[in-house]
2 protein chains.
Amino acid sequence: MTSQRTTIGARARDQELLDDVLRTFENAEDPRLRELLSSALRHLHAFVAEVGLTTAEWQAGIDFLTAVGRACTDAQQEFILLSDTLGLSSATEIASANLVQDATENTVLGPFYVAGAPRRAYGDSVLDDPDDGPRAVVRGRVTDLDGNSIASATLDVWQNASNRLYAVQDPSQTLTNLRGRFLTRDDGSFELRTIRPVPYPIPDDGPVGRMLAAAGRHPWRPAHIHFMVSAPRYQTLVTHVFDSGSDYLDSDAVFGVRDSLVVDFEPQPEGGELLARFDIVLQQR
Amino acid sequence: MTSQRTTIGARARDQELLDDVLRTFENAEDPRLRELLSSALRHLHAFVAEVGLTTAEWQAGIDFLTAVGRACTDAQQEFILLSDTLGLSSATEIASANLVQDATENTVLGPFYVAGAPRRAYGDSVLDDPDDGPRAVVRGRVTDLDGNSIASATLDVWQNASNRLYAVQDPSQTLTNLRGRFLTRDDGSFELRTIRPVPYPIPDDGPVGRMLAAAGRHPWRPAHIHFMVSAPRYQTLVTHVFDSGSDYLDSDAVFGVRDSLVVDFEPQPEGGELLARFDIVLQQR
């Protein structure tokens, strides 16, 4: 008998429900909040209808989010890890940047930025602690889209040590280690000394780590140095420079790699230091 | 100058990123997990691109989810409240039901169901504690789609007391109060005695309550009695019967109301008890 009956489409029933839900947020005072909620609700309901979500799967989703919440501590933000490993942090950087042709690409800030890095002079090293990593110099010029020098631009730089950890994660490091703020000279040039960066795994001892394992994914990020570059009248650029010799460039656990940000760390004829060139193009506000 | 430059579309950049993210889940062993992740990721990335999510808004989202996680306790599941108040629990019920024409509509289970309610005889009351609410009798027949009686179907019934609380929430109530399992007679009929249900607010002292307040929404559910109806060879039906005289029928905080589930609690000529008729049609598995 049942087979002769008309099934009432789940989509039609859900459309009516979604309309009801959207209506309840029409009174939210902030128009941007209404816009965000409306888009988020449409996509969440479309997901449920599209996959035919079962109540058991819904419960598994609730349990997962609850476990992610439980894993959040002062030292580890598991929801940021979740956003990072689903590419949503990177997508947000892309959505919020409004990048123009020829400007240097931005990428994720990451959880290890700390404001107030020490001022360092042109050519100085960011190393305040012993580190047996290979020495490198990073050299470049900061310009506008037409190639004009930007003088006195600030480059805020941070990087992990050869033990894979950032100073902020590692009580054994001086808090200023591998951090520094540099200014460009009148010709837009900058130069800083550091160690060659090494890959590191993002924390994978929580539910996000279990998700990565279930998907057969690794938790590693390719070797990189963070830059935040700012100058009056220009958009602040949050980006990395990646080492072209690193593992994991094709499988960054947080999807931060952009091809235009990958540079060679080249041995120099006089030996000793590797040289990485990284020119930076800022766009106006 | 900048105005002459081509903007690099955020959507194009995000499409490439999304493809990368989807590729990393291709190795997940469970095909259903792959399907769920693929759909969820497409919708989440579409949301970020569509609204042009800013990093500040992203951070606000992270903070909100973290607060929801912190508010989860043994007594209160804030993620379920979030799902309920966004209509996602109701949408999941709809998506998973595959309802056919003429079958009784299902709705949300809610957080207050406890298995193992006491067996009660035809016509018995579910009241084990004193309650000064108006008395009501709920009477109906359980049939298949062709109107044939279903004998010995089990109706698992639960309801809040006149103080708004379910026994499971309220140490002052006997744990069996306003709960019971009834069997249909050979003609499919059932009858149970109870109190007229009253509206109640969902817990609104956490971040979900703050979200409701920000949207100008109230936390109330209209008066209802829960039913879980099961019989061999039929799909188990999880539903409510709503009181047509209740407030909040048009603004249920968890979007559980279906027009077909709203019935009158009518005064009887002999006085004393209100009568609610609720016929139930089950569909085969």
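Residues numbered from 1 in each chain as written. Chains lettered and ligands numbered in written order. Predicted model: local features only at pLDDT ≥ 70, side-chain atom pairs only at ≥ 80, totals over all residues.

### A few points about the overall build of chain A
Then, in step 1: The number of helices and strands found in chain A is six helices and 12 strands.
Then, in step 2: For chain A, the spread of C-alpha atoms along the principal axes amounts to about 85 × 40 × 30 Å.
Then, in step 3: Counting across all 285 residues of chain A, residues that qualify as buried make up 42%.
Then, in step 4: Relative to all contacts within chain A whose residues are 6 or more apart in sequence, the contacts with residues 24 or more apart total 70%. (Helix = DSSP H or I, 4+ residues; strand = E, 2+ residues; numbered from the N terminus. Buried ≥ 20, exposed ≤ 12 C-beta atoms within 10 Å, placed from the backbone. Contact = placed C-beta atoms within 7 Å.)

### Describing the packing of helix α3 (residues 55-71) of chain A against helix α4 (residues 78-85) of chain B
Then, in step 1: Orientation of α3 of chain A relative to α4 of chain B, taken along the N-to-C sense of each, is 130°, at an axis distance of 9 Å. On the basis of the axis angle, α3 of chain A is oblique to α4 of chain B. Note that α3 of chain A runs across α4 of chain B; the crossing there is right-handed. Note on element contacts: α4 of chain B touches α3 of chain A through F79, I80 and S83 of chain B, opposite I62, L65 and T66 of chain A. (Axes fitted to C-alpha atoms, helices over the stretch in contact; angles between N-to-C directions. Parallel < 35°, antiparallel > 145°, perpendicular 65-115°, else oblique. Left-handed = near helix turned anticlockwise from the far one by under 90°.)

### A word on the domain arrangement of chain A
Then, in step 1: Domain assignment breaks chain A into domain 1 (2-53) and domain 2 (83-281).
Then, in step 2: For domain 1 of chain A and domain 2 of chain A, the distance between their C-alpha centroids amounts to 41 Å. (Domains from an automatic or database assignment.)

### Things to note about the relation of the copies chain B and chain A
Then, in step 1: The operation relating chain B to chain A is a screw motion whose rotation component is 180°, with 0.0 Å of axial translation and a residual RMSD of 0.1 Å. Both chain copies can therefore be described as sitting about a two-fold axis. Minimal C-alpha separation from the rotation axis in chain B is found for G69 of chain B, amounting to 2.0 Å.
Then, in step 2: With an isologous cut-off of 70% or more, the 100% of interface residues of chain B that recur at the interface of chain A puts this contact in the isologous class. (Least-squares fit on C-alpha atoms with pLDDT ≥ 70 in both.)

### Regarding the interface of chain B and chain A
Then, in step 1: Every contact between the two is made by 70 residues of chain B and, on the other side, 70 residues of chain A.
Then, in step 2: Broken down by secondary-structure element, the contributors of at least two residues to the side of chain B that touches chain A are α1 (10-24), α2 (31-51), α3 (55-70), α4 and α5 (88-97) of chain B.
Then, in step 3: With 14 residues, α2 of chain B is the single largest residue contributor to the side of chain B that touches chain A.

### Remarks on α5 of chain B
Residue and element names in this part refer to chain B.
Then, in step 1: Counted residue by residue, α5 has nine buried out of 10 residues, so it is predominantly covered.
Then, in step 2: Here α5 has its buried residues at L88, S89, S90, A91, T92, E93, I94, A95 and A97.
Then, in step 3: Directly after α5, the chain includes N98, whose backbone phi takes a positive value near 50°.

### Section: the sheet that holds strand β3 (residues 179-183) of chain B
What links the strands of a sheet is backbone hydrogen bonding, and the strands pair in either a parallel or an antiparallel sense.
All names here are of chain B.
Then, in step 1: In space, the five strands of this open sheet follow the order β3-β2-β7-β8-β9, with mixed pairing throughout. In this open sheet, the two strands that pair with only one neighbour each are β3 and β9 (262-263).
Then, in step 2: Of the strand pairs in this sheet, strand β8 (residues 237-243) and β9 are connected by two bridges, and their pairing is parallel. Note on β9: the bridge partner recorded for D243 is V263. (Pairing = 2+ DSSP bridges.)

### Thoughts on the confidence of the model for chain A
In low-pLDDT regions, the fine details of the predicted coordinates are not to be read closely.
Then, in step 1: Overall, the predicted model of chain A reaches an average pLDDT of 93, with 97% of residues at or above 70.
Then, in step 2: Reported confidence for the predicted complex is 0.88 by ipTM and 0.88 by pTM. (pLDDT = per-residue confidence, 0-100.)

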